[in-house]
Amino acid sequence: MPEFDLIIRNGSVVDGTGAPAVRADVVVRTGRIAAVGPRESNAARVIDAAGLAVAPGFIDVHAHDDGAVLSTPMDFKLMQGVTTDIVGNCGAGLAPRDPSQPPLPGTELILGDVPDADWRSFGEYMAAVEGAQLALNVGCFVPHGAVRYRTLGMDRREPDAAELQQMREHVAEGMAAGALGLSTGLIYPPGAFASTEEIIALAKVAAEFGGLYRTHRRDEGERLLDAIAEAFSIARGAGLPLEISHHKAAGRDNWGKTEQSLALIEKERTAGLDINFDAYPYTAGSTILAVMARRREAEPDGVLIASVRDHPEYEGKTLAQLADMLDVPPDQAAQRVLEADPGTVAVFFMMDEADVRRVLAHPLCMIGSDGIPSPTGKPHPRLYGTFPRVLGTYVREERLFPLEEGVAR
């Protein structure tokens, strides 16, 4: 009887630490790596990996698969080599929730198909994840937007003392259930209605459990530097590490600002703040059309409709093309689409390649897809292509950083 299930022989092993690749065999028994190194043992299956790289499964540090992990085989991640998904990002998530409330606006398309859910608390959602037949590993942040929506609905106001305490209790419950920290999405209602002081108060709860603060900042364009400064103040005020989501400079007038933003991050880290950031390897982003349409960080010919319910004829067209098709100005074309589906998701071409390269090359950068697992439509290619693009385009072709560093990221 074979001693092992699988031996991957003669590969160049890149272990994810950033250390130089080494020629070694990888030995697997009962679904786990049993050894790395030369082995003469026999196995039920042998793969000759000569001339190939062998690496651990990748971690998608910024995903929106909160519902998808429960309802899909996650092929769009597994085919990229992703074996761990981090969800609950940008303040958006599936818990806590009140079944009597309508879903948090936008989550139906952003977070993937959601099975019939009977959970209310974050812990109950985590239990559903734990009990599911998952295709990969899942880690989750407490989403500030969901916490605020559960407590205040879409009210644009400050919480009173009792409401703030209720929000703190939701965060504490989530952290006790195993959350990694608190996330915010400060361009999305209702998270956008929160003051810095409110976020600090909630982040302090995450800090008590050893969590970190992760943020989609209030602005990634004209007020990018101010938004980063606010993130610093929240992390320092709450006493916990900071992770900046999908770092970028959006809008042509802001191209090049990543030089300043990265300098600010380096200065703050030197001063003692534990800070990192993630990015995806594309010059286009993707999110809810209703949020970005009013920010005007992309021109009409740079806004591509990705997913809209009941109107597939709109998908794959830019706002400029839709304006011609509907014989209306571009801003009215956007309004027409939103009238058809307020949760429409679009792709926005708004970054400069030089900024993307500068951010990706920075040693503090991690790779996250920020992919939106829309069940229909024409999603941003980052959903399927983030990790191959990093290793193929920026490692192998562009040589922006070596393979070992790419895998470590």
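Scope of this entry: the structure provided in the associated data block. (Residues numbered from 1 in each chain as written. Predicted model: local features only at pLDDT ≥ 70, side-chain atom pairs only at ≥ 80, totals over all residues. Heavy atoms only, no water.)

A few words now on helix α8 (residues 224-238). The terminal C-alpha atoms of α8, which comprises 15 residues, lie 21 Å apart, in line with the 21 Å expected from a rise of 1.5 Å per residue. The complete set of buried residues in α8 reads Leu224, Ala227, Ile228, Glu230, Ala231, Phe232, Ile234, Ala235 and Ala238. Among the residues trailing α8, Gly239 stands out with phi positive, at a value near 70°. (Helix = DSSP H or I, 4+ residues; strand = E, 2+ residues; numbered from the N terminus. Expected span 1.5 Å × (residues − 1). Buried < 20%, exposed > 50% of the residue type's maximum accessible area, 1.4 Å probe, protein only.)

Checked against the element boundaries, Pro38 lands in the loop between β3 (32-36) and β4 (43-48). For Pro38, a relative accessible area of 73% translates into the label exposed. Distance from Pro38 to Thr270, taken between C-alpha atoms, is 42 Å for residues 232 residues apart in sequence.

Here we come to the pattern of salt bridges. Should the charged atoms of two oppositely charged side chains come close, the side chains can pair. Summed over all chains, the structure comprises 19 salt bridges. As a salt-bridge pair, Arg214 and Glu243 come within 2.5 Å of each other at their nearest N and O atoms. With Arg214 in strand β11 (residues 212-216) and Glu243 in strand β12 (residues 242-244), the pair connects residues that are 29 residues apart, well separated along the chain. Of the residues examined, Arg214 reaches a relative accessible area of 5% and is grouped as buried. Overall, Glu243 belongs to the buried group, its relative accessible area being 3%. (Salt bridge = Lys/Arg side-chain N within 4 Å of Asp/Glu carboxyl O.)

Turning our eyes to something else, we now look at the sheet that holds strand β15 (residues 303-307). Pairing is antiparallel across the open sheet formed by three strands, whose spatial order is β14-β16-β15. Of all strands in the sheet, those bounded by a partner on one side alone are β14 (284-288) and β15. Strand-to-strand twist across the sheet, computed as the mean angle between neighbouring axes with direction ignored, equals 30°. Pairing geometry for β14 and strand β16 (residues 345-349), over five bridges, is antiparallel. Residue pairing for β16: Ala284 is matched across the bridge by Phe349. (Pairing = 2+ DSSP bridges. Axes fitted to C-alpha atoms, helices over the stretch in contact; angles between N-to-C directions.)

Okay, the sheet that holds strand β10 (residues 181-185) next. Ordered by their spatial adjacency, six strands build an open sheet running β9-β10-β11-β12-β13-β17, and the pairing between neighbours is parallel. Edge positions in the open sheet fall to β9 (142-143) and β17 (365-367), since each of these has one partner strand only. Across five bridges, the pairing between β10 and β11 is parallel. The residue of β11 that forms the bridge with Leu182 is Tyr213.

Our next topic: the side chain of Arg217. Mapped onto the elements, Arg217 comes out in the loop between β11 and α8. Under the relative-accessibility criterion, Arg217 is labelled buried at 0%. A polar contact is formed between the side chain of Arg217 and the backbone oxygen of Ser245, at a distance of 3.3 Å. (Polar contact = N/O pair within 3.5 Å; in protein donor to acceptor, adjacent residues only side chain to side chain.)

One can describe the packing of helix α11 (residues 319-326) onto helix α12 (residues 330-340) by two numbers: an axis separation of 8 Å at closest approach and a directional angle of 90°. It follows from the interaxial angle that α11 and α12 lie roughly perpendicular. Together, Leu319, Leu322, Ala323 and Leu326 of α11 and Pro330, Ala333, Ala334, Arg336 and Val337 of α12 make up the contact between the two elements. (Parallel < 35°, antiparallel > 145°, perpendicular 65-115°, else oblique. Contact = heavy atoms within 4.5 Å.)

A word on the pairing of strand β2 (residues 22-29). Of the pairings in the sheet, the one linking strand β1 (residues 4-13) to β2 comprises six bridges and is antiparallel in character. Following the sheet pairing, Gly11 is matched in β2 by Ala24. The pairing of β2 with β3 spans four bridges and is classified as antiparallel. The residue bridging Val27 from the neighbouring strand is Ala35, located in β3. If you look at the hairpin formed by β2 and β3, you'll find two residues sitting between the two strands, and Thr30 has a positive phi there, around 50°.

Taking 1.5 Å of rise per residue, the 13 residues of helix α7 (residues 196-208) would be expected to cover 18 Å, and the 19 Å separating its terminal C-alpha atoms lies within 8% of that figure. Every buried residue of α7 is accounted for by Thr196, Glu198, Ile199, Ile200, Ala201, Leu202, Ala203, Val205 and Ala206. As for α7, its buried residues are in contact with α5 (144-152), α6 (161-176), β10, β11 and α8. A positive phi of about 80° marks Gly210, the residue just after α7.

To continue, consider the packing of aromatic side chains. Enumeration according to the criterion identifies four aromatic pairs in this entry. Between the aromatic rings of Phe76 and Tyr384, the centroid separation amounts to 6.1 Å while the plane-to-plane angle is 65°, which identifies the pairing as edge-to-face. Here Tyr384 lies in helix α14 (residues 382-397) and Phe76 lies in helix α2 (residues 75-78), a separation of 308 residues in the sequence. You can call Tyr384 partly exposed: its relative accessible area is 40%. Taken together, the ring pairs connect Trp119, Phe122 and Tyr125 into an aromatic cluster. We note Arg382 situated over the ring of Tyr280; from NZ or CZ to the ring centre the distance is 4.6 Å. A cation over an aromatic ring shows up here: Arg409 above the ring of Phe401, its NZ or CZ 4.7 Å from the ring centre. (Phe/Tyr/Trp six-rings, centres within 6.5 Å; stacked < 30°, edge-to-face > 60°. Lys NZ or Arg CZ within 6 Å of the ring centre and 35° of its normal.)

In short, geometric facts, not functional conclusions.
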